[in-house]
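Chains, contacts and geometry: an overview
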Amino acid sequence: MSISKCNIVVALLIAVICTSCATASFSKYKGVGRVKRYELYSKDLPDEFDGTKVAFASDFHYKSKLTYKRLGGVVRAINSVNPDILILGGDYPGKSEGQDMDTLFYYLSKVRTKYGTFAVRGNHESGSVYQQIMIAFKRYGITCLEDEGRFINGDSSHIVVAGVKNSFDTLSYNKSI
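A brief report on the enclosed structure follows. Note that this is a predicted model, so its numbers are computed, not measured.

1. Points about the environment of His61
- Along the chain, His61 falls in the loop between β3 (53–57) and α2 (71–79).
- Classification of His61 by relative accessible area gives buried; the value is 13%.
- Distance in space between the C-alpha atoms of His61 and Tyr92 is 5.0 Å, their sequence separation being 31 residues.
- Not counting residues within four places of it along the chain, the set of residues in contact with His61 comprises Leu66, Asp91, Tyr92, Pro93, Gly94 and His124.

2. A look at the pattern of salt bridges
- Under the criterion given, the structure shown has 4 salt bridges.
- In this structure, the salt-bridge partner of Asp102 is Arg139, at a minimum N-O distance of 2.3 Å. Taken together, the residues Asp102 in helix α3 (residues 101–108) and Arg139 in helix α4 (residues 128–139) connect sequence positions 37 residues apart.
- Look at Arg139 and you get exposed, because its relative accessible area is 51%.
- Notably, a salt bridge pairs Glu148 with Arg150, separated by 2.8 Å at the nearest N-O pair.
- Its relative accessible area of 31% is what places Glu148 among the partly exposed residues.

3. Quick notes on the pairing of strand β8 (residues 158–163)
- Burial along β8 is one-sided: the face carrying Ile159, Val161 and Gly163 is buried and the face carrying His158, Val160 and Ala162 is not.
- Looking at chain direction, strand β7 (residues 148–153) and β8 are connected through 6 bridges and run antiparallel. By the bridge assignment for β8, Asn153 is matched with His158.
- Where β7 hands over to β8, the hairpin turn is made up of 4 residues, counted between the paired strands.

4. Some remarks on α4
- Relative to the 16 Å expected for 12 residues at 1.5 Å per residue, α4 spans 17 Å between its end C-alpha atoms, a close match to the ideal helical length.
- Residues of α4 that are buried include every one of Val129, Ile133, Ala136 and Phe137, and no others. Buried residues in α4, looked at end-on, bunch into an arc of 105 degrees, giving them a common side. In this structure, α4 carries Lys138 and Arg139 as exposed residues pointing more than 90 degrees from its buried face.
- At the C-terminal side of α4, Gly141 shows a positive phi close to 70 degrees.

5. Description of the packing of α3 against α4
- At a minimum axis separation of 9 Å, α3 and α4 run at an interaxial angle of 30 degrees. Judged by the angle between their axes, α3 and α4 are roughly parallel. Relative to α4, α3 is oriented so that their crossing is right-handed. Listed contacts from α4 to Met101, Asp102 and Phe105 of α3 are Val129, Gln132, Ile133, Ala136, Phe137 and Arg139.

6. Observations regarding the nonpolar core
- Ranked by size, the top nonpolar core spans 28 residues in total, and within it Phe60, Leu88, Tyr92, Leu104 and Phe105 carry the most contacts.
- Per element, the largest residue contribution to this core is 5 residues, and it comes from α2.
- Grouped together as the second largest cluster of nonpolar side chains are 9 residues, Leu45, Val54, Phe118 and Val161 included.

7. A closer look at the pairing of β3
- Note: β3 against strand β4 (residues 85–88), 4 bridges, orientation parallel. Looking across to β4, one finds that Val54 is bridged to Ile85.

8. Comments concerning unusual backbone geometry
- Positive phi, normally seen in glycine, also occurs at His61, with a value near 45 degrees.
- Positive phi is not limited to glycine here, since Asp91 has a value of about 60 degrees.
- Assignment of secondary structure puts Asp91 in the loop between β4 and α3.

Definitions and limits used
- Residues numbered from 1 in each chain as written.
- Predicted model: local features only at pLDDT ≥ 70, side-chain atom pairs only at ≥ 80, totals over all residues.
- Heavy atoms only, no water.
- Helix = DSSP H or I, 4+ residues; strand = E, 2+ residues; numbered from the N terminus.
- Buried < 20%, exposed > 50% of the residue type's maximum accessible area, 1.4 Å probe, protein only.
- Contact = heavy atoms within 4.5 Å.
- Salt bridge = Lys/Arg side-chain N within 4 Å of Asp/Glu carboxyl O.
- Pairing = 2+ DSSP bridges.
- Expected span 1.5 Å × (residues − 1).
- Arc of directions from axis to C-beta.
- Axes fitted to C-alpha atoms, helices over the stretch in contact; angles between N-to-C directions.
- Parallel < 35°, antiparallel > 145°, perpendicular 65-115°, else oblique.
- Left-handed = near helix turned anticlockwise from the far one by under 90°.
- Core = buried A, V, L, I, M, F, W, Y, C linked by side-chain atoms within 4.5 Å.

Structural data, given as structure tokens:
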């Protein structure tokens, strides 16, 4: 397998959404901080996954940084790269708990992918908002990966998408240590 055959195009949508006025100017999509494209090469990537596009979006901070009016722009930005896989990197809620996570994930479910949408939690997904997020993941077909992986099957081979649990999640650790 030649290295040129193992080209995986990663459309890295680091949606550090509106974290500053400076980042907001890097994208033509309203509400999207940055859109960057990277090409990754691996001799271990099966030929049939050559050219696979992976979109990554994170740090939404919905309602404090990313507003409802800007959700459509986020979806358009992600769909513009025609991703085969969408990975959501956490930090979905804004500053206050009890926010409407269902609306955020309803919009994110409108991203069209070949293999699905996968997510991990960040350091903002705790307390009561954790349950809201997990319910929304299930409702909208988003696979949450916490210390686990999923096979993405092709015709004759596979790749693995894996996620780890947030290391700041003190609820899962023994506090007496």
